[in-house]
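For reference, the chains in residue letters:
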Amino acid sequence: QVQLVESGGGLVQAGGSLRLSCAASGSIFSTYAMGWFRQAPGKEREFVAGITWNGGKTYYGDSVKGRFTISRDNAKNTMYLQMNSLKPEDTAVYYCAAVRSMSFVWVAVRTDEYDYWGQGTQVTVSS
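Here, residues in each chain are numbered from 1, in the same order as that chain's written sequence. With pLDDT at 70 or above as the cut-off, local features in this predicted model cover only qualifying residues; side-chain atom pairs require 80 or more to be listed or tallied, and sums for whole chains, interfaces and linings still use all residues. Think of the side-chain values as coming from all heavy atoms in the structure, minus any hydrogens and water.

(A) Focus on the overall build of the chain. The numbering of helices and of strands both runs from the N terminus, where a helix is a DSSP run of H or I of at least 4 residues and a strand a run of E of at least 2. For the chain, the count of helices and strands is zero helices and eleven strands. Mapped from its N terminus to its C terminus, the chain presents α and β elements in the order β-β-β-β-β-β-β-β-β-β-β. With the radius of gyration taken over C-alpha atoms, the globule rule is written as 2.2 Å times the number of residues to the power 0.38. A compact globule built from 127 residues would reach a C-alpha radius of gyration of about 14 Å, and the chain, at 13 Å, matches this within 12%. For the chain, long-range pairs separated by at least 24 residues make up 61% of all intrachain contacts whose partners lie at least 6 apart in sequence. Computed with a 1.4 Å probe, the accessible areas rest on the Shrake-Rupley method; for each residue, only the protein chains presented here act as cover. Accessible surface, the chain as shown: approximately 6200 Å² in total, 49% of it carbon and sulfur. Here, two residues are considered to be in contact whenever any of their heavy atoms come within 4.5 Å of each other.

Structure representation (structure tokens):
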């Protein structure tokens, strides 16, 4: 199984940028489709972005389209989330997730489609 550790969260002003990283270990990273989710206090965990095992296909939640970019480097066993034009409503704990899949087209978007989760990293956007 794979272990996931997020990093890169922090406090940023509205309009600013952050890059989150998700480092994987314990299994062959390139056999997993990956995703980012977020959860704000009192709200359900929300899909942010997903990516296939080879990075060939990505998918984004409506609230982040055009602002966030998901990517991965299989040689470094790491996935990234570049977040630009941040808004206060982006404030949440951000989680990375993994599911074993070598589909070229399927991007998992639901929490129950993922088998492994990181511990989360806090992102706070001030107005």
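Following the structure, the description resumes.
(B) Fine view of the pattern of salt bridges. A pairing counts as a salt bridge when a side-chain nitrogen of Lys or Arg comes within 4 Å of a carboxyl oxygen of Asp or Glu. One pass over the full model with this rule turns up six salt bridges. Between Arg110 and Glu113 there is a salt bridge, with the nearest N and O atoms lying 3.5 Å from each other. For Glu113, a relative accessible area of 16% corresponds to the buried category. Residues joined in a network through salt bridges with shared partners are Arg38, Glu46, Arg67 and Asp90. For every residue, the accessible area obtained with a 1.4 Å probe (protein chains only) is divided by the maximum for its type, and the residue is called buried under 20%, exposed over 50%, and partly exposed between those limits.

(C) Structural detail: the state of the cysteines. Note on terminology: disulfide denotes any pair of cysteine sulfur atoms within 2.5 Å. Going through the model one piece at a time under the given rule, you end up with one disulfide. Put simply, Cys22 and Cys96 are joined by a disulfide, and their sulfur atoms are 2.2 Å apart. Here the S-S torsion is close to 60 degrees, and the disulfide linking Cys22 with Cys96 is therefore right-handed. Separated by 74 residues along the polypeptide, Cys22 in strand β3 (residues 18–25) and Cys96 in strand β9 (residues 92–100) bring together distant segments of the chain. Exposure remark for Cys22: the relative accessible area of 0% places this residue in the buried category.

(D) Seen up close, the nonpolar core. Residues grouped as a nonpolar core are buried Ala, Val, Leu, Ile, Met, Phe, Trp, Tyr and Cys residues, joined through side-chain atoms within 4.5 Å. The biggest cluster of nonpolar side chains holds 28 residues, and the ones touching the most others in it are Met34, Trp36, Met79, Leu81, Met83 and Tyr94. Counting residues in each nonpolar core, the second largest holds seven residues, with Phe47, Ala97, Ala108 and Tyr114 among its members.

(E) Summary view of the sheet that holds strand β7 (residues 68–73). At least two bridges found by DSSP between two strands are what make those strands a pair. The antiparallel open sheet is built from four strands, whose spatial order is β1-β3-β8-β7. Every other strand in the sheet has two partners, leaving β1 (3–7) and β7 as the edge strands with one partner each. Strand-to-strand twist across the sheet, computed as the mean angle between neighbouring axes with direction ignored, equals 15 degrees. Pairing analysis gives six bridges linking β3 to strand β8 (residues 78–83), with the strands arranged antiparallel. Within β8, the position partnered with Leu18 by the bridge is Met83. Fitted lines through C-alpha atoms give the axes, limited to the stretch in contact for helices. The angle between two N-to-C directions lies from 0 to 180 degrees.

(F) Representation of a nonpolar patch on the surface in the model. Residues enter patches when they are more than 30% accessible in relative terms and free of salt bridges; like-charged ones are connected within 9 Å and nonpolar ones (Val, Leu, Ile, Met, Phe, Trp, Tyr) within 5 Å. On the surface, a cluster of nonpolar side chains totalling about 320 Å² of accessible area is made up of Phe104, Val105 and Trp106. Counting through the fold element by element, Trp106 comes out in the loop between β9 and β10 (116–117). Exposure remark for Trp106: the relative accessible area of 33% places this residue in the partly exposed category.

(G) Focus on the environment of Gln39. Looking at the secondary structure, you find Gln39 in strand β4 (residues 32–39). Using a relative accessible area of 26% as the deciding quantity, one classes Gln39 as partly exposed. Separated by 88 residues in the primary sequence, Gln39 and Ser127 place their C-alpha atoms 19 Å from one another. Once residues lying within four places of it in the same chain are set aside, the contact partners of Gln39 are Glu44, Arg45, Ala92, Val93 and Tyr95.

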